[in-house]
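Structural characterization, general
Single-letter residue listing:
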Amino acid sequence: MTLQRREFMQASGATVGALTIGELDKIKRIDEHEETDDAERWDIETDYAVAGASLGGCISALITAENGLDVVLLEKGPETGGTALSSAGGLYIIGDGPYDLEHMQEIAPDVDNDLGEALANNFTETIEYLQERDFPVEPLPWRDPDYDVSIGASYEERREFFDHFENEFEGHGGEVYTDTPAKSLVLDTDGTPVGILAENRETGELLSVGASDILLAVGGFQAEPGMKVQYMGRDADNVAHRSAPTVTGDGLRMALAAGGRHSRSMGRFFGHPAPWPPLPPQYDIDEHYEEDLDLVWAQHSLGFFTSDTVMLNHHGNRFVDESRGSDIINQEIAEQPQGYAFSVLDAELSEEIDDIETIDEQGGNVWEGESLDELVNEVDGLAARAVHTIEQFNTAIEEDDDTLLTIPRESERHPITDPPFTAVQFTAGVAQTHGGVDIDTSGRVLDCSGSPIQNLYAIPGTAGGVTRFTYVGSLCQLAVFGRLAAEHVVDSAS
Ligand SMILES: Cc1cc2nc3c(=O)[nH]c(=O)nc-3n(C[C@H](O)[C@H](O)[C@H](O)COP(=O)(O)OP(=O)(O)OC[C@H]3O[C@@H](n4cnc5c(N)ncnc54)[C@H](O)[C@@H]3O)c2cc1C
């Protein structure tokens, strides 16, 4: 029986992973219904193949194209931009500039010194690069307007940024293929990556791209339930993605299949608590891509207020010092039983928070009770012990006796005493994964011995390890490492 192309791809592990040159040739023959060995191996041959039209993928593609390299950009979704399109558009490093290693260590004691220094030292030049090419970037008033910029405050402005990229890139001979996910790396007989096998989602046709160098800029694994369980917590398949629905760990799988090693911090990520029930994983991109991005935007900040409240897990226990911030609470939620937690407030707190009404209107779970007993009784999935935990918390705060707390509470020390009481259910929301494949300061993917894998590059969120759990800014990491990878590719080619 002759294998169909899809069956062969699945059998050979080629649906997101790596395949050998020999397997590619076999797929091509099946695809072209040819019995002979002389099918053309590559549909396209190029100097630099970039998978993922994220901010970093786009910058990397443009720099290499400007330097005379032949560049192909493959994007799984219907447009360039990825999650940056539904972000707040802030291209910044946390804290005030100028930025250097000392600054990075101050804002993030868990920073990797090499990657952190590369990020800080190359940030301003990366912004200057965009300004010199007339990208529509403006000073960022809510960070440090002397150093940080916005790539657009609205979807339309951010779209303009990426349209400008496309014009510049195509003006330098670059080619963008949307709706064309990279499925597998193609490895030479000695294991060196020499190409990408991609698939046109509309026609089902394969596109084999032979490339001297390859960049994986396809984001992390926040929209892939299985990988969230693997790395973040046993119930983390319930955790929501705060990203394009296309960010499903394809880059990490491909890099590992080519011999790449994991970075540190695989279970850590950036985001904020997301209302429960979470956005379901969207496997049908065509149907859900825009709707999903709209919801990601609408729900992004709804969990900010949790740092003022008492957070309880399913068993009715506190599990984090809430005053450390909603991004820290968020990472802890992923490890709680069933992947959710409850934010409990009294009237004094809840009166100031409009977001609770918004969560209610959007179908999130919100309960109210005149007493703590009544509230806890109402809430589905919260153990009765919650009443005892809150009362003990109140006593500790009122008597300023922290020995009563198993988990401290550094600041925002409000007792929960003023009825009516409110509980809001949250899961975690992941905008960017902190862990991924390990890279060096040029974005080269490292193998298990720490040596660079020839021809293969990755940038955060496909790559990880810049920090362990502290947020230093996301778009800055993509932009800088996209540029550093491009510069290394250009230098190696010349
Ligand atoms: C509401 C909101 C506001 C935010 N505001 C800010 C902010 O102001 N500043 C900031 O720094 N960060 C912000 N962030 C975070 C930031 O936007 C994300 O962390 C960042 O965009 C994630 O980048 P990424 O490369 O990991 O993924 P993405 O930007 O999503 O890029 C990955 C791209 O690769 C594509 N892709 C996936 N698989 C494949 C494949 N197999 N082949 C080809 N292409 C593939 C995807 O479709 C996507 O286009 C915000 C996030 C949200 C949700």
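This structure is a prediction, so every number in the text was calculated from the model and none was measured.

Calculation notes
Residues numbered from 1 in each chain as written. Predicted model: local features only at pLDDT ≥ 70, side-chain atom pairs only at ≥ 80, totals over all residues. Near = placed C-beta within 6 Å. Helix = DSSP H or I, 4+ residues; strand = E, 2+ residues; numbered from the N terminus. Nonpolar A, V, L, I, M, F, W, Y, C, P; charged D, E, K, R; others polar. Domains from an automatic or database assignment. Contact = placed C-beta atoms within 7 Å. Core = buried A, V, L, I, M, F, W, Y, C linked by C-beta atoms within 7 Å. Buried ≥ 20, exposed ≤ 12 C-beta atoms within 10 Å, placed from the backbone. Axes fitted to C-alpha atoms, helices over the stretch in contact; angles between N-to-C directions. Parallel < 35°, antiparallel > 145°, perpendicular 65-115°, else oblique. Left-handed = near helix turned anticlockwise from the far one by under 90°. Expected span 1.5 Å × (residues − 1). Pairing = 2+ DSSP bridges. Right-handed = clockwise from strand over helix to strand, strands pointing away.

1. Notes on the site of the ligand
Surveying the vicinity of the ligand reveals 38 residues, the closest of which are Gly52, Ser54, Gly82, Gly219 and Gly461. No other element matches the 3 residues that helix 15 (residues 475–493) contributes to the shell around the ligand. Looking at the shell around the ligand residue by residue, the class counts come to 16 nonpolar, 18 polar and 4 charged.

2. Focus on the domain arrangement of the protein
Segmentation of the protein into domains returns domain 1 (5–263 + 432–493) and domain 2 (301–430). Here domain 1 and domain 2 have C-alpha centroids that lie 37 Å from each other. Counting residues at the interface gives 13 residues for domain 1 and 12 residues for domain 2. Residue composition of the side of domain 1 that touches domain 2, by class: 6 nonpolar, 5 polar and 2 charged.

3. A few points about the nonpolar core
Ranked by size, the top nonpolar core spans 136 residues in total, and within it Ala49, Ala51, Ile196, Leu215 and Ala458 carry the most contacts. Looking at which domains feed residues into this core, each of domain 1 (5–263 + 432–493) and domain 2 (301–430) supplies at least three. The contacts of Ile196, once residues within four sequence positions are left out, are Ala49, Ala51, Leu74, Ala182, Leu185, Val186, Val209, Ala211 and Ile214.

4. A look at the packing of helix 5 (residues 113–132) against helix 15
With their axes 9 Å apart at the nearest point, helix 5 and helix 15 run at an angle of 85 degrees to one another. Classified by the interaxial angle, the pair formed by helix 5 and helix 15 is roughly perpendicular. Contacts between helix 5 and helix 15 pair Ala118, Leu119, Asn122, Phe123, Thr126 and Tyr129 from the former with Cys476, Gln477, Ala479, Val480, Arg483 and Leu484 from the latter. Taken together, the residues that form the contact of helix 5 with helix 15 break down as 8 nonpolar, 3 polar and 1 charged.

5. Some words on helix 8 (residues 250–257)
Of all 8 residues making up helix 8, 6 are buried, and the element is well covered by its neighbours. Considered for burial, the residues of helix 8 that qualify are Asp250, Gly251, Leu252, Arg253, Met254 and Ala255. The inward-facing, buried residues of helix 8 abut strand 1 (17–20), strand 2 (44–51), strand 8 (182–187), strand 10 (206–216), strand 20 (444–446) and strand 21 (452–458). Following helix 8 by one or two positions, Gly259 has its phi on the positive side, about 100 degrees.

6. Focus on the packing of helix 3 (residues 55–66) against helix 15
Look at helix 3 against helix 15: their axes get within 7 Å of each other, and the N-to-C directions meet at 30 degrees. With respect to helix 15, the axis of helix 3 lies roughly parallel. Regarding helix 3 and helix 15, the two cross each other, and that crossing is right-handed. Mapping the contact onto sequence places Leu55, Gly56, Gly57, Ile59, Ser60, Ile63 and Thr64 in helix 3 and Leu475, Leu478, Ala479, Phe481, Gly482, Arg483, Ala485, Ala486, Glu487, Val489 and Val490 in helix 15. Here the residues of the contact of helix 3 with helix 15 are counted per class, giving 11 nonpolar, 5 polar and 2 charged.

7. Some words on unusual backbone geometry
The step from Trp276 to Pro277 runs through a cis peptide bond, and the omega angle for that step is 5 degrees. Along the chain, Pro277 turns up in the loop between strand 13 (274–275) and helix 9 (285–299). Omega for the peptide link from Pro460 to Gly461 comes to -15 degrees, which places this bond in the cis form. One can find Gly461 in the loop between strand 21 and helix 15. Its identity is not glycine, yet Gln338 carries a phi of approximately 70 degrees, on the positive side. In this structure, Gln338 sits in the loop between helix 10 (326–333) and strand 15 (341–345).

8. Section: helix 14 (residues 385–398)
Taking 1.5 Å as the rise per residue, helix 14 with 14 residues should run 20 Å; its terminal C-alpha atoms sit 20 Å apart, in good agreement. Of the residues flanking the end of helix 14, it is Asp400, one or two places downstream, whose phi is positive at about 50 degrees.

9. Description of the sheet that holds strand 5 (residues 138–139)
What the 3 strands build is an open sheet, ordered 4-6-5; its pairing is antiparallel. On the outer flanks of this sheet lie strand 4 (90–91) and strand 5, each paired with one strand and no other. Bridge count between strand 5 and strand 6 (residues 149–150): 2 bridges; the pairing is antiparallel. Residue Glu138 lies in a different strand from strand 6, and its bridge partner there is Ser150.

10. A look at the pairing of strand 3 (residues 71–74)
Covered by surrounding structure in strand 3 are Val71 and Leu73 together with Val72 and Leu74, the residues of both alternating faces. Each parallel crossover has a hand, and for strand 2 linked through helix 3 to strand 3 it is right-handed. Where strand 3 meets strand 7 (residues 175–177), 3 bridges bridge the pair, whose relative direction is parallel. Residue pairing in the sheet places Leu73 in a bridge with Val176 of strand 7.

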